[in-house]
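Residues per chain are reported as follows:
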Amino acid sequence: MRSGDVAAYVKTELERFRYAEPQRDDLIGVRWSEQTVLSHIPKLRAALVEPYLKRFQLRDTYEQIRSQKPYTAEYWVVAETESYIQFFDPAKREFGLASCCESDALASTTGVRGDLVGVFCAM
């Protein structure tokens, strides 16, 4: 994939997004209303960047967090805020969330994965 391919995929995902209330009964917390979810769309649009590749430290699983040797992977950055980076993993066709880092340290994934809007709302 190239940057333009990722940008087109993000655009398509955003255009196709339709709110659907979660159907699972085992979810924890209060389900967000359609209005609340949709209020994040303009924030997502403002945070979008021209996709670029970046190496991340993987901290999605207990094994990754506890490992002496860091697990790393390269993903496409698609959105940035002051505190978080949203990335796209083309191998899994899913979006993920990473915390920003200071200095030259790698940004760390947070274990949040899913669709474009849902992951952004997790910020």
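Above this note sits the structure.
Please read all numbers here as calculations on a predicted model, not as lab measurements.

K.L.:
Whenever I open this one, the packing of aromatic side chains confuses me. Can you help?
P.N.:
Remark: the centre distance and the inter-plane angle together describe each pair of aromatic rings, the angle taken between the planes. Going through the model one piece at a time under the given rule, you end up with six aromatic pairs. Where Tyr9 meets Phe88, the ring centres are 4.9 Å apart and the plane angle is 40°; that geometry is what we call tilted. A residue pair is termed long-range when its members are at least 10 positions apart, and Tyr9 in helix α1 (residues 3-16) and Phe88 in strand β3 (residues 84-89) qualify at 79 residues. Residue Phe88 is classed as buried on the basis of its relative accessible area of 0%. Both rings, one in Phe88 and one in Phe95, keep their centres 5.0 Å apart while their planes meet at 45°; by these two values the pair is tilted. Judged by relative accessible area, Phe95 falls into the buried class, the value being 1%. Through a chain of ring-to-ring contacts, the aromatic side chains of Tyr9, Phe88 and Phe95 assemble into a single cluster. Positioned above the aromatic ring of Tyr9, the side-chain terminus of Arg93 is 4.5 Å from the ring centre.

K.L.:
Explanation requested: the environment of Glu50 in the structure shown.
P.N.:
Along the chain, Glu50 falls in strand β1 (residues 48-57). C-alpha of Glu50 to C-alpha of Lys11: the two residues are 39 residues apart in sequence and 11 Å apart in space. With sequence-adjacent residues up to four places away left out, Glu50 is seen in contact with Ser3 and Val77. A distance of 3.1 Å separates the side chain of Glu50 from the side chain of Ser3, its partner in a polar contact.

Rules used in this analysis
Residues numbered from 1 in each chain as written. Predicted model: local features only at pLDDT ≥ 70, side-chain atom pairs only at ≥ 80, totals over all residues. Heavy atoms only, no water. Phe/Tyr/Trp six-rings, centres within 6.5 Å; stacked < 30°, edge-to-face > 60°. Helix = DSSP H or I, 4+ residues; strand = E, 2+ residues; numbered from the N terminus. Buried < 20%, exposed > 50% of the residue type's maximum accessible area, 1.4 Å probe, protein only. Lys NZ or Arg CZ within 6 Å of the ring centre and 35° of its normal. Contact = heavy atoms within 4.5 Å. Polar contact = N/O pair within 3.5 Å; in protein donor to acceptor, adjacent residues only side chain to side chain.

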